[in-house]
Amino acid sequence: MAARTHTALPGDGDPALADFAGHAPGTRRWCFADQLGPHFLDAPGQPVLLVEARSVFRRRRFHRQKAHLLLSALRHRAAELGDQALFLQTDTYAEALDQVTEPLSVCAPTTWPARDFVLRRPGVTVLEARGFVTRQADFRRWAEARSRPRLLMDDFYRAARRVHDVLMDGAEPAGGTWNLDHDNREPPPADGRVDAPAPWWPVEDEIDEQVRADLDRWVADGDVAFVGDDGPRLFPVTHAETQERLAGFLDHRLRAFGPHEDAMLAGDPWLAHSMLSASLNLGLVDPAEVVHRAEQAWRDSVAAGDPLPLNSVEGFVRQVMGWRDWIWHLYWQLGRDYRHGNALAAHEEVPGWLAELESDAVEANCLAHVLADVRERGWVHHIPRLMVLGNYALQRGIEPLAMTDWFHRVFVDGYDWVMVANVVGMSQHADGGVLATKPYAAGGAYIDRMSDYCGGCRYDPKKRLGDDACPFTAGYWAFLERNRERLAGNQRMRQPLSGLGRLRDLDAVVDQEVRRGTTAP
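The shown structure was predicted, so the numbers you read here are calculated from the model rather than taken from an experiment. (Residues numbered from 1 in each chain as written. Predicted model: local features only at pLDDT ≥ 70, side-chain atom pairs only at ≥ 80, totals over all residues. Heavy atoms only, no water.)

Student: Could you clarify how one ought to interpret the packing of aromatic side chains in this entry?
Tutor: In total, this model carries 30 aromatic pairs according to the counting rule given. Each ring, one from Phe-132 and one from Trp-328, has its centre 4.0 Å from the other, and the planes form 5°; the classification is stacked. Of this pair, Phe-132 sits in the loop between β5 (124-127) and α5 (136-144) while Trp-328 is found in helix α11 (residues 310-333), placing the two residues 196 residues apart along the sequence. Measuring from ring centre to ring centre gives 5.5 Å for Phe-139 and Phe-156, while their planes differ by 75°; the resulting arrangement is edge-to-face. Taken together, the residues Phe-139 in helix α5 and Phe-156 in helix α6 (residues 153-164) connect sequence positions 17 residues apart. Grouped by ring-pair contacts, the aromatic residues Trp-112, Phe-132, Trp-328, Tyr-331, Trp-332 and Trp-417 constitute a single cluster. When the ring centre of Tyr-415 is taken as reference, the NZ or CZ atom of Lys-66 above it lies at 5.1 Å. Arg-115 extends its terminal NZ or CZ atom over the ring of Trp-332, reaching a point 3.8 Å from the ring centre. (Phe/Tyr/Trp six-rings, centres within 6.5 Å; stacked < 30°, edge-to-face > 60°. Helix = DSSP H or I, 4+ residues; strand = E, 2+ residues; numbered from the N terminus. Lys NZ or Arg CZ within 6 Å of the ring centre and 35° of its normal.)

Student: Can you help me understand unusual backbone geometry in this one?
Tutor: Look at the link from Gly-231 to Pro-232: it is a cis peptide, with omega at -15°. Assignment of secondary structure puts Pro-232 in the loop between α7 (206-220) and α8 (239-257). Even without a glycine there, the phi angle at Asp-165 is positive, about 55°.

Student: Explanation requested: the pattern of salt bridges in the structure shown.
Tutor: In total, this model carries 44 salt bridges according to the counting rule given. Of the charged contacts in the structure, one is a salt bridge between Arg-54 and Asp-223, with a shortest N-O distance of 3.0 Å. Pair noted here: Arg-54 is in the loop between β2 (48-53) and α1 (56-59) and Asp-223 is in the loop between α7 and α8, with a separation of 169 residues, a long-range link. Here Arg-54 falls in the partly exposed class, since its relative accessible area comes to 26%. Here Asp-223 falls in the partly exposed class, since its relative accessible area comes to 23%. Measuring nitrogen to oxygen at the nearest pair gives 2.5 Å for the salt bridge that ties Arg-339 to Asp-416. Of this pair, Arg-339 sits in the loop between α11 and α12 (352-355) while Asp-416 is found in helix α16 (residues 416-427), placing the two residues 77 residues apart along the sequence. Each member of the pair, Arg-339 as well as Asp-416, is classed as buried. (Salt bridge = Lys/Arg side-chain N within 4 Å of Asp/Glu carboxyl O. Buried < 20%, exposed > 50% of the residue type's maximum accessible area, 1.4 Å probe, protein only.)

Student: Would you mind going over the side chain of Arg-253 with me for this structure?
Tutor: One can find Arg-253 in helix α8. Buried and without a salt bridge, Arg-253 has Asp-268 as its closest oppositely charged side chain, separated by 6.4 Å. Polar contacts involving the side chain of Arg-253 include one to the main-chain carbonyl oxygen of Pro-197, which spans 2.3 Å. The residues touching Arg-253, leaving out its near neighbours within four places in the chain, are Ala-196, Pro-197, Ala-198, Pro-199, Gly-248, Trp-270, Leu-271, Ala-272 and His-273. (Lys, Arg positive; Asp, Glu negative; His and termini not counted. Polar contact = N/O pair within 3.5 Å; in protein donor to acceptor, adjacent residues only side chain to side chain. Contact = heavy atoms within 4.5 Å.)

Student: Would you mind going over helix α10 (residues 287-303) with me for this structure?
Tutor: Within an α-helix, residues lying three or four positions from one another point in the same direction, as the helix has 3.6 residues per turn. For α10, spanning 17 residues, the distance from its first C-alpha to its last is 24 Å, which sits close to the expected 24 Å at 1.5 Å a residue. Residues of α10 that are buried include every one of Pro-287, Val-290, Val-291, Ala-294, Glu-295, Ala-297, Trp-298 and Ser-301, and no others. Seen along its axis, α10 keeps its buried residues to an arc of 150°; they face one direction. Each element contacted by the buried residues of α10 is listed here: β6 (168-169), α8, α9 (277-281) and α11. Count one or two residues on from α10 and you reach Gly-305, which has phi positive near 85°. (Expected span 1.5 Å × (residues − 1). Arc of directions from axis to C-beta.)

Student: Mind showing me how you'd approach the packing of α11 against α16 here?
Tutor: To describe two helices that pack against each other, one gives the angle between their axes and the distance between the axes. At their nearest, the axes of α11 and α16 sit 8 Å apart, and the two run at 90° to each other. Classed by the angle they form, the pair α11 and α16 counts as roughly perpendicular. Residues Trp-323, Arg-324, Ile-327, Trp-328 and Tyr-331 of α11 pack against Asp-416, Trp-417, Val-418, Val-420, Ala-421, Asn-422 and Met-426 of α16. (Axes fitted to C-alpha atoms, helices over the stretch in contact; angles between N-to-C directions. Parallel < 35°, antiparallel > 145°, perpendicular 65-115°, else oblique.)

Student: I would appreciate a short explanation of the environment of Tyr-93 in the present structure.
Tutor: Looking at the secondary structure, you find Tyr-93 in helix α3 (residues 93-97). Residue classification places Tyr-93 among the buried residues on the basis of a relative accessible area of 17%. Expressed as a C-alpha distance, the spacing of Tyr-93 and Arg-54, which sit 39 residues apart in the sequence, is 9.0 Å. Excluding residues within four positions of it along the chain, Tyr-93 makes contact with Trp-30, Phe-32, Val-51, Ala-53, Val-56 and Phe-117.

Student: What should I look at first to understand the side chain of Gln-395 in this one?
Tutor: With respect to the helices, strands and loops of the structure, Gln-395 is situated in helix α14 (residues 382-396). Dropping the residues within four chain positions of it, Gln-395 is found in contact with Ala-442, Pro-471, Phe-472, Gly-475, Tyr-476, Phe-479 and Arg-482.

Treat this as a map of the structure, not an account of what it does.
In structure tokens:
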């Protein structure tokens, strides 16, 4: 990313929008379905507009549980607000807005198309975006002041820590170190158990019952179609439920979060993760509150003489105000066309078994377990996403934009702004190294070290050739050979690429993987 470049956002240079800043007193606040927390209102009693547009579910084939979560959260918010909210259930947003005659204000939406829509709409005042720790205007000023040729997440994270005074002791980071990620890469415990109780789980109510009935009816009418299994609802849909999950994490799970943050267990998809991503992305809780409460929990534990591990606390804070904010800001900074990057010339279609989450068609244990988890729950944590699902697509040359859409649809916390940089840049290296300095490709040895998936698998992570050759191990070498010239200038890939010359069976491995293609491994 070139230094001092600025991708124009909708409204940039328009003094009427003034960087989306300020308030719109006396207007009804239109809240999208990912703007459902109290921090999207200027005052507790402000009139609200909520719109449930069925056409959203016709545009994409979402995971059934994602559709349920969105509708349940929207309807719960309408029920909470009562007469304070005008709740319109229509086919499209335009139909709903045609019924509203009073002035509206809206916090800037989270996608390019949604911002284009609200900016074109007469009578709608577009305000500054909310729901993130660092403001967009502040990020742009920070980015434009960089003297380095690249924008780096770690630089942004440090700056944000200073500005918001999070985990700081004066001018220095708490504990003397900014990033404790090196302490958070341990493999899973040998006994297959993480020392943390299960997350707090919500209880479905009559609103969920009605949502389920409506979704069943829409499917029966042929109006919409979904992928994945139905219910029970696993994620919060209200601010109060989110507070329960956050409190449970801080009180009982944060201590164990850090060390095994990157580990994978077939029998425990949650480990000690917070399970807050869906709530944050629905706008049910202010992320600034989340990080400050995590810090306060750490400081209280230190004062009590039983300190929470700083690597767990810092790792969680980095996820929320570091990586999450970073991905959000890059969505706008990198511009509308970033999603179309395809630096590694990957053009394979998403195979049917992956698109349909057909885990029973897959013999590779890691991929079968992760796909089953996605089918059953619409969620796995970041390492199965990156190092199993993303790694497979990268090795097999699946088209990055198609994978972005797939991740968007099948994960309950997936939104366009979430997935574009995460998939195009981080996972598929389709931006040629703008986001990540090297491709996140790895063989079966990584999965074997960081999970218990390989035990009992018909494939051997140590083998790259033969009927029992691990599709990730063989796929890794075939990926390097296919992209040898494209990656030749990448200094971090010099050693892996040099390893190709030591493989006497490279041609046979490549032929084997060409034959395998994207057939279910």
